[in-house]
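Observations on chain architecture
Single-letter residue listing:
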Amino acid sequence: MTESSFAQPVPDEWIEAARRGERSAQEALFRRFQRPIYTLALRICQNEDDAMEVMQDTFIKVFASIDQFKQHCPFWGWLRQIAVNMALGRLRKLRRREFTVLGNPPDLTPQRPDDQLDLAGAFARLPAETRAVVWLYDVEGYSHREIADLFGNSVSFSKTQVSRAHARLRELLDGPSGDPLCTTPATL
């Protein structure tokens, strides 16, 4: 399925049945959206276990609050917003935990063949909050205002995070001498 297939309207019957607590409707919604929600959470959290928890928590929240969904709005947009909020909440929780853990952080030096650009490895080396902002802006298409609201911060916070992240990614990918590390692009 492509992103556009998730943006297609969800049958009203599914929503109404899910509101009544019918498991078959909830399962249909889960099956349709589980993969894109997991992928979104993985891109923000950069950890499979955290992404799985975010996905599960997202659907628990969705089914508990489905009465708040307004039929005239796209279901995918509403669901995606809940998933983003859950992923950002998970990042905040992990960040608080990082301050209490002793020891050295894991080595984040990307492992890659010499002839391949490691954008994913460079992206993983960004701080978690910065990764989330960049992902929401560059990939999910959120505006700086929307990101600022999600983080409870100013628009300039979002713009600065994106600008600094892009500069850091260029630095990581170009290497210290300014020469590109590779010639073959890879995707996130």
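Calculation criteria
Residues numbered from 1 in each chain as written. Predicted model: local features only at pLDDT ≥ 70, side-chain atom pairs only at ≥ 80, totals over all residues. Heavy atoms only, no water. Helix = DSSP H or I, 4+ residues; strand = E, 2+ residues; numbered from the N terminus. Buried < 20%, exposed > 50% of the residue type's maximum accessible area, 1.4 Å probe, protein only. Areas by Shrake-Rupley, 256 points an atom, 1.4 Å probe, with all protein chains shown as cover. Axes fitted to C-alpha atoms, helices over the stretch in contact; angles between N-to-C directions. Parallel < 35°, antiparallel > 145°, perpendicular 65-115°, else oblique. Contact = heavy atoms within 4.5 Å. Nonpolar A, V, L, I, M, F, W, Y, C, P; charged D, E, K, R; others polar. Salt bridge = Lys/Arg side-chain N within 4 Å of Asp/Glu carboxyl O. Phe/Tyr/Trp six-rings, centres within 6.5 Å; stacked < 30°, edge-to-face > 60°.

Further remarks concern the overall build of the chain. Within the chain, the secondary structure is distributed over nine helices and zero strands. For the chain, the α and β elements follow one another from N to C terminus as α-α-α-α-α-α-α-α-α. Here the chain, with 188 residues, has 37% of them falling under the buried criterion. When the accessible area of the chain is evaluated, it comes to approximately 11,300 Å², of which 51% is carbon and sulfur surface.

This brings us to the packing of helix H2 (residues 12–19) against helix H3 (residues 23–45). For any two helices packed against each other, one specifies the inter-axial angle together with the distance between the axes. With their axes 8 Å apart at the nearest point, H2 and H3 run at an angle of 120° to one another. Judged by the angle between their axes, H2 and H3 are oblique. Here Trp14, Ala17 and Ala18 of H2 lie close against H3, whose contacting residues are Ala25, Gln26, Ala28, Leu29 and Arg32. The residue inventory of the contact of H2 with H3, partitioned by class, reads six nonpolar, one polar and one charged.

Turning our eyes to something else, we now look at the pattern of salt bridges. Scanning the entire structure with this criterion turns up nine salt bridges. Put simply, arginine 168 and glutamate 171 hold a salt bridge, and the shortest N to O gap is 2.3 Å. Taken together, the residues span about one helical turn, with arginine 168 and glutamate 171 both in helix H9 (residues 155–174) at a distance of three residues. We classify glutamate 171 as partly exposed; its relative accessible area is 47%. Via salt bridges that share partners, Glu16, Arg19 and Asp67 belong to a single interconnected network.

The subject of this paragraph is the packing of aromatic side chains. Scanning the model with the defined rule gives nine aromatic pairs in all. With a centroid separation of 5.3 Å and an interplanar angle of 50°, the aromatic rings of phenylalanine 69 and tryptophan 78 are classed as tilted. The exposure class assigned to phenylalanine 69 is buried, which follows from its relative accessible area of 5%. For the ring pair phenylalanine 123 and tryptophan 135, a centre distance of 6.2 Å and an interplane angle of 55° mean the geometry is tilted. Taken together, the residues span a long stretch of sequence, with phenylalanine 123 in helix H6 (residues 119–124) and tryptophan 135 in helix H7 (residues 128–139) at a distance of twelve residues. Each member of the pair, phenylalanine 123 as well as tryptophan 135, is classed as buried. Taken together, the ring pairs connect Phe33, Phe69, Phe75, Trp76 and Trp78 into an aromatic cluster.

In short, the description is geometric, and any link to function would need to be established separately.
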